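Observations on chain architecture
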Amino acid sequence: MSFLIGASSKMNLTSTQGATYLDTFRELVDDVTDRELFVLLPFTSIWVARDRLTGSNVRWGAQDVHPEDSGAHTGDVSASMLADLGCTYVEVGHHERRRDHGETNELVAAKVEAVQRWGMTAIVCVGEERRLPLDTVVEAIDRQLGLLTSCDLRRLILAYEPVWAIGTGAQAAAASWVGRVHAAIRAGLVGLVPGAQTVPIIYGGSVGVADARALLGQPGVDGLFVGRQALDPHVLAAIAHTSVATMPGMSPERRVTTA
Ligand code: PGA
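Keep in mind it's a predicted model, so treat the numbers as computed, not measured.

Let us look at the pattern of salt bridges. The tally for this structure, following the rule as stated, stands at 13 salt bridges. Salt-bridge contacts for E103 lead to R97; the nearest nitrogen and oxygen are separated by 2.8 Å. Using a relative accessible area of 23% as the deciding quantity, one classes R97 as partly exposed. Between R154 and D152 there is a salt bridge, with its nearest N and O atoms 3.1 Å apart. Each of the salt bridges in this network shares a partner with another, and the network as a whole consists of D64, R97, E103 and K111.

Next comes the structure, spelled out in structure tokens:
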């Protein structure tokens with residue numbers, strides 16, 4: 001069992017900057033053996049991640065993918081291309097993609113299928129737009145998850161990312177709230193798909209060093225997905241080193257299936 005600690009740089013870091021970033025981060029987390037670490041850089045830097053992270057304890061991946069494997073889709077990138085670059089993870093359905101590109105739950109499900117078809121693990125982002133009562137939040141998330149019932153649970157990670165907690169000016173959701181939502185997501189998912197108790201659920205949204213410990217201390221929180229604060233590799237490394245008394249609530253099988 002191990003926590004998953006990862007970051008997306010979003011549309012930040014050129015490949016030159018990415019190389020420096022990864023060299024620094026790799027060295028800072030060289031001693032981390034009990035957590036699974038990953039970094040998602042822009043498409044243009046994934047080859048750099050393969051170059052700089054091969055042989056390290058840090059995995060890499062992409063922030064998006066096209067659902068089809070090849071064809072006339074100018075500017076898009078397929079799962080086969082990402083698999084060829086050694087990606088382990090592909091993020092799908094982030095709020096900013098839904099907002100900027102009108103991505104729907106149907107498209108997200110098709111992307112998940114593509115990612116899994118190529119042997120990678122999909123990190124599917126879910127979350128409510130604004131602060132709402134727990135029941136309403138869970139209903140909204142269940143709708144986002146409804147199309148995933150036939151996907152491969154061994155290659156799936158859920159990222160709970162409440163939209164109101166993402167981005168500059170926002171603050172991370174309270175750990176107790178995150179714990180309650182994760183428990184509700186887990187219960188809903190298990191009701192929907194038997195075997196879903198092994199799917200890791202990680203939290204993202206303004207995560208920083210100050211919040212990491214409390215968030216990871218919640219029983220249902222299997223890891224953290226860091227955004228802007230991870231643009232400083234020292235901060236991401238500090239989060240990766242966060243000491244926590246409890247272990248994540250996921251099954252030991254997960255390590256094997258995402259390896
Ligand atoms: P943020 O981004 O940490 O900058 O809020 C988190 C995310 O969008 O995953």
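Here the focus is the nonpolar core. Within the largest apolar cluster, 75 residues are counted, with the highest numbers of intra-cluster contacts made by Y203 and L224. Residue contributions to this core peak at 6 residues, all from helix 7 (residues 175–192).

Before going further, it helps to spend a moment on the sheet that holds strand 4 (residues 89–92). Strand order in the closed barrel made by the 8 strands is 1-2-3-4-5-6-7-8, with parallel pairing throughout. Across this sheet, the average inter-strand angle for adjacent strands is 25°, counted without regard to direction. As judged from the 4 bridges shared by strand 1 (residues 3–8) and strand 8 (residues 223–226), these two strands associate in the parallel manner. Bridge pairing in strand 8 links G6 to F225.

Attention shifts here to the site of the ligand. Contacts to the ligand come from K10, H94, E161, A165, I166, G167, G205, S206, V207, G227 and R228. Within the side chain of H94, a nitrogen or oxygen atom sits 2.6 Å from an oxygen atom of the ligand. Contact distances for the ligand include 3.1 Å between an oxygen atom and a backbone N or O atom of G227. Here the ligand has 280 Å² of accessible area as a free molecule, and 98% of this is covered by the chains. For the shell around the ligand, the per-class residue count stands at 3 nonpolar, 5 polar and 3 charged.

Next up on the list: helix 2 (residues 46–53). Within the sequence span of helix 2, burial applies to I46, V48, A49 and L53. The arc that holds every buried residue of helix 2, seen down its axis, measures 150°, which confines them to one face. For helix 2, the secondary structure elements touched by its buried residues are helix 1 (15–28), strand 3 (58–62) and helix 3 (79–84). Just downstream of helix 2, G55 is the residue with a positive phi angle, here 85°.

On to the pairing of strand 1. In terms of residue burial, strand 1 counts as a mostly covered element, since 6 of its 6 residues are buried. Burial of strand 1 is two-sided: the residues F3, I5 and A7 facing one way and the residues L4, G6 and S8 facing the other way are all buried.

Criteria and thresholds
- Residues numbered from 1 in each chain as written.
- Predicted model: local features only at pLDDT ≥ 70, side-chain atom pairs only at ≥ 80, totals over all residues.
- Heavy atoms only, no water.
- Salt bridge = Lys/Arg side-chain N within 4 Å of Asp/Glu carboxyl O.
- Buried < 20%, exposed > 50% of the residue type's maximum accessible area, 1.4 Å probe, protein only.
- Core = buried A, V, L, I, M, F, W, Y, C linked by side-chain atoms within 4.5 Å.
- Helix = DSSP H or I, 4+ residues; strand = E, 2+ residues; numbered from the N terminus.
- Pairing = 2+ DSSP bridges.
- Axes fitted to C-alpha atoms, helices over the stretch in contact; angles between N-to-C directions.
- Near = heavy atom within 4 Å.
- Polar contact = N/O pair within 3.5 Å; in protein donor to acceptor, adjacent residues only side chain to side chain.
- Areas by Shrake-Rupley, 256 points an atom, 1.4 Å probe, with all protein chains shown as cover.
- Nonpolar A, V, L, I, M, F, W, Y, C, P; charged D, E, K, R; others polar.
- Arc of directions from axis to C-beta.
- Contact = heavy atoms within 4.5 Å.

Geometric descriptors of this kind do not, in isolation, establish any biological role.
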